[in-house]
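Next come the chains, spelled out residue by residue.
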Amino acid sequence: RRFLMASAITFTALAASGPLAIAQDKPVIRMSTPASETDQRSVALATVFGPAIAEFATYQPHYNASLVPQGSELEAIASGDLEMSITSAQELANFLPEFSIFATGYVHRSAQHQVNVFSDPLMDPFKEKVESELGVKLLAVMYLGKRHVNLRFPRSEKNIMTPADLAGVNLRMPGSDAWQFLGRALGANPTPVAFTEIYTGLQTGSVDGQDNPLPTVVDAKFYEVTKQVSLTAHLVDLNYVAFSKAVWDKLTPEQQSTVQKAAEDAAQAGREGQLKKEDELVAFLKDQGLEVYEPDLNAFRTHVQAQYVGSDFAKAWPEGVLDKINAIAD
Ligand code: KDO
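These figures come from a predicted structure and were not determined experimentally. (Residues numbered from 1 in each chain as written. Predicted model: local features only at pLDDT ≥ 70, side-chain atom pairs only at ≥ 80, totals over all residues. Heavy atoms only, no water.)

Q: I would appreciate a short explanation of the layout of surface pockets in the present structure.
A: Where empty space is left can be seen by rolling a probe of water-molecule size over the atoms. By volume, the largest pocket is sized at about 360 Å³. G105, Y106, V107, R301 and Q305 are the residues nearest the centre of the largest pocket, which is lined by 20 residues in total. Secondary-structure elements contributing two or more residues to the lining of the largest pocket are strand 8 (228-244), helix 11 (297-308) and helix 13 (321-327). Ranked by residue count, the leading element in the lining of the largest pocket is helix 11, at four residues. Of the residues in the lining of the largest pocket, the class split is ten nonpolar, seven polar and three charged. For the second largest pocket, the calculated volume is near 250 Å³. Around the second largest pocket sit 15 residues that line it, and F118, L139, A140, Q260 and E264 are the ones nearest its centre. Of all elements in the fold, only helix 4 (111-119), helix 5 (124-134), strand 4 (136-151) and helix 10 (253-287) reach the threshold of two or more residues within the lining of the second largest pocket. (1 Å grid on protein atoms, 1.4 Å probe; cavity = no way out; pocket = protein on both sides within 12 Å on 5 of 7 lines; lining within 4 Å. Points joined across faces, edges and corners; volume = space filled by probe spheres on them. Helix = DSSP H or I, 4+ residues; strand = E, 2+ residues; numbered from the N terminus. Nonpolar A, V, L, I, M, F, W, Y, C, P; charged D, E, K, R; others polar.)

If you want it as structure tokens, here you go:
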């Protein structure tokens, strides 16, 4: 477990630049993500967030993990090498284990449930800890979509109806403990691979499959190198808009509320785009020749949830929070 203290943050980018209000001296907000430029979250940030803050800051996105490797964004923000990212609960759980509750299979139920959970007071201690320990503000929740199992095999070779059907399947999962645990909980043999390496991994057969929402399967062209999607919906996945607290603290209160609203508006636009694509893309994938089908969801849900009970992850969850999440409407 790694810890970064806010006091250890070196903040150089703006140190000599004086008040942010000086137009010609606008701070640059570098945002790094493994996502592509055409991903709905990227599009929403570029078309909604960037323009909304343009008067006093320059939004500068870096896609395909070209600036910071996937999984290192939080450290980069904490050390002043990055101002912004869209981070996952799994990445946060590397530093603050209690965040694994939001990375657990079948906990979030929908895009709206994510929003309601994020704005509920139950999130306050989580947000405060990210601020004080990592120097990062979580401004809004972005919807990534329902993750499904996407394999190279045709259904005639592997028909994924229950977790037992995933036995021995080398399933690429992102490289952190919370992700790998989820892969095992699904019944598969999880293999850590960076997002930008998935396509080649599928093409060469170094992995048998991967899990991501349908908009990602299409945007990253995984459908070119896979034959089926079993609609397991094992994680209604999210990213938090993560913003440097050191930069935030240099903004005027008015600028802070502009940044806050810009993040929420971008998240809303991205959510709408992503939901629409999720709806449309089953037909697109079938047209591409993939078999897209629903497994025994009850078997998956029961099995996945049972793996978390009594796990080290569950031990890190604050008392009562899971019940509160479950009680929140969607
Ligand atoms: C992935 O690596 O599979 C993942 O979907 C994990 C998410 O947390 C997120 O980082 C995402 O990749 C990237 O934004 C690319 O879409």
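Q: For this particular structure, what's the right way to read the pattern of salt bridges?
A: Pairing between side chains becomes possible if they bear opposite charge and their charged atoms approach one another. Counted by the stated rule, this structure contains eleven salt bridges. Across the salt bridge formed by K137 and E131, the nearest N and O atoms sit 3.1 Å from each other. Judged by its relative accessible area of 14%, K137 is buried. Accessibility expressed as a relative area gives 22% for E131, which makes it partly exposed. A salt bridge links R147 to D237, with the shortest nitrogen-to-oxygen separation between them at 2.7 Å. With R147 in strand 4 and D237 in strand 8, the pair connects residues that are 90 residues apart, well separated along the chain. (Salt bridge = Lys/Arg side-chain N within 4 Å of Asp/Glu carboxyl O. Buried < 20%, exposed > 50% of the residue type's maximum accessible area, 1.4 Å probe, protein only.)

Q: Is there a simple way to think about the pairing of strand 8 in this case?
A: Regular strands place side chains that alternate from one sheet face to the opposite one. The element strand 8 is largely enclosed, with a buried count of 17 among its 17 residues. Strand direction decides the pairing type here: strand 3 (residues 84-87) and strand 8, joined by four bridges, are antiparallel. Of the residues in strand 8, the one forming a bridge with S85 is A242. Direction of pairing for strand 4 relative to strand 8: antiparallel, over a ladder of 13 bridges. Note that in strand 8 the partner of V149 across the bridge is S230. Relative to strand 9 (residues 291-293), strand 8 is paired through three bridges, and the arrangement is parallel. Looking at the pairing, V229 lines up with V292 of strand 9. (Pairing = 2+ DSSP bridges.)

Q: Please clarify how the site of the ligand should be interpreted in this entry.
A: As a matter of local geometry, the ligand sits amid 14 residues, with R41, Q70, R147, R172 and N212 nearest to it. With respect to the ligand, the side chain of R147 contributes an N or O atom lying 2.9 Å from an oxygen atom. One of the side-chain nitrogen or oxygen atoms of R172 is found 2.7 Å away from an oxygen atom of the ligand. Considering the ligand on its own, with 370 Å² of exposed area, one finds that the protein chains cover 99% of that surface. Under a 2 Å grid-point criterion requiring more than half of the atoms, the pocket assigned to the ligand is the largest cavity. Broken down by class, the residue content of the shell around the ligand amounts to six nonpolar, five polar and three charged. (Near = heavy atom within 4 Å. Polar contact = N/O pair within 3.5 Å; in protein donor to acceptor, adjacent residues only side chain to side chain. Areas by Shrake-Rupley, 256 points an atom, 1.4 Å probe, with all protein chains shown as cover. Sits in = over half its atoms within 2 Å of the grid points.)

Q: Help me understand the packing of helix 1 (residues 40-53) against helix 10, please; the structure alone is not making it clear to me.
A: To describe two helices that pack against each other, one gives the angle between their axes and the distance between the axes. Two elements in contact, helix 1 and helix 10, have axes whose closest approach is 8 Å; the angle formed by their N-to-C orientations is 150°. The angle between the axes of helix 1 and helix 10 places the two elements in the roughly antiparallel class. Here helix 1 and helix 10 pass one another in a crossing that is right-handed. Across the interface between the two elements, Q40, A44, L45, V48, F49, A52 and I53 of helix 1 pack against T258, V259, A262, A263, D265, A266, A269, G270, G273, Q274 and K277 of helix 10. Taken together, the residues that form the contact of helix 1 with helix 10 break down as eleven nonpolar, five polar and two charged. (Axes fitted to C-alpha atoms, helices over the stretch in contact; angles between N-to-C directions. Parallel < 35°, antiparallel > 145°, perpendicular 65-115°, else oblique. Left-handed = near helix turned anticlockwise from the far one by under 90°. Contact = heavy atoms within 4.5 Å.)

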